[in-house]
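Chain by chain, the residues run as shown.
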Amino acid sequence: MGSRFGFPASLALALLGAVALPGIASACSMPPGWTPQRAFAEAALVFHGLVTATELSSTKVGGPPTDVGDGRILVNVRYEIAEVFKGKPQANGAISTTTLIMGGCGVPVLAGQHFLFYVNGIDEATRKDMPDLAGQTQGMISIYDTQMLPPNPMLLDEALAEVRALAKKH
């Protein structure tokens, strides 16, 4: 597994396996014993941001063409930072997800919406094996904890209360 703040190579392999062999998409299921505390501890970045743009990445993932089209399954997400809870997200950076939202391995992200992002950083093994990916993104959006936030300020504060409390502890 990758470093504490890394995009684990095993997760990258599971993601790539889900692309190549759709029958193993269950590899994207929530791990046993997953908690908000564990999610916060393992994320490299945790922040509230407004999605300003999404774009299909030029990075291609290998696999049978019938399963992944032309191999472009990564989506880069641009954002404006509203509040940072952990790490130092780049002000003009990108984070990524996949187009595999139907298989459970991607997060559907909409431009114009506020999200609470949990981002898994990219570890050294993935940087070596997938340099195109590492050059385009700060990490992969967690499929377990990232969530679209409500526009109502009272509901927004309620939705962010737990992560704010976790941030104070760390």
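Presented here is an overview of the structure given in this document. What you are looking at is a predicted structure, and each value in this text was computed from that prediction instead of being measured.

Per the secondary structure count, the protein includes six helices and six strands. Expressed as a percentage of its 170 residues, the buried residues of the protein come to 42%. Taking contacts inside the protein between residues at least 6 apart in sequence as the whole, the part at least 24 apart equals 69%. Entry remark: accessible area of the protein is about 8,800 Å², with carbon and sulfur atoms responsible for 58%.

This part is about the pattern of salt bridges. For the structure on display, the rule yields five salt bridges. In this structure, glutamate 124 engages arginine 127 in a salt bridge whose closest nitrogen and oxygen atoms are separated by 3.7 Å. Of the two residues, glutamate 124 and arginine 127 are both situated in helix α4 (residues 124–129); the distance of three residues between them amounts to about one turn of the helix. A salt bridge links arginine 164 to aspartate 157; its shortest N-O distance comes to 3.2 Å. Arginine 164 gets classed as partly exposed once you look at its relative accessible area, which sits at 26%.

Moving on, we get to the pairing of strand β2 (residues 74–86). On any regular strand, side chains alternate: one points to one face of the sheet, the next to the other face. Note: strand β1 (residues 45–56) against β2, 10 bridges, orientation antiparallel. Residue pairing across strands places leucine 56 opposite valine 75, the latter belonging to β2. In this sheet, strand β3 (residues 94–98) lies alongside β2 in antiparallel orientation, the contact comprising five bridges. Across the sheet, residue arginine 78 finds its bridge partner in β3, namely alanine 94.

With that settled, consider the packing of aromatic side chains. Applying the stated rule across the entire model yields four aromatic pairs. Taking the centre distance of 5.3 Å and the plane angle of 55° together, the rings of tryptophan 34 and tyrosine 144 count as tilted. Linking tryptophan 34 in the loop between α1 (9–20) and α2 (36–42) with tyrosine 144 in the loop between β5 (139–141) and β6 (147–148), this pair joins segments that are 110 residues apart in sequence. Relative accessible area serves as the criterion here: at 17%, tryptophan 34 is assigned to the buried category. Ring centres of phenylalanine 115 and phenylalanine 117 lie 5.4 Å apart, and the angle between their planes is 15°; this geometry places the pair in the stacked category. An aromatic cluster of at least three residues, connected via ring pairs, comprises Phe47, Tyr79, Phe115 and Phe117. Lying across the ring of phenylalanine 40, lysine 86 places its NZ or CZ 5.5 Å from the centre.

Criteria and thresholds
Residues numbered from 1 in each chain as written. Predicted model: local features only at pLDDT ≥ 70, side-chain atom pairs only at ≥ 80, totals over all residues. Heavy atoms only, no water. Helix = DSSP H or I, 4+ residues; strand = E, 2+ residues; numbered from the N terminus. Buried < 20%, exposed > 50% of the residue type's maximum accessible area, 1.4 Å probe, protein only. Contact = heavy atoms within 4.5 Å. Areas by Shrake-Rupley, 256 points an atom, 1.4 Å probe, with all protein chains shown as cover. Salt bridge = Lys/Arg side-chain N within 4 Å of Asp/Glu carboxyl O. Pairing = 2+ DSSP bridges. Phe/Tyr/Trp six-rings, centres within 6.5 Å; stacked < 30°, edge-to-face > 60°. Lys NZ or Arg CZ within 6 Å of the ring centre and 35° of its normal.

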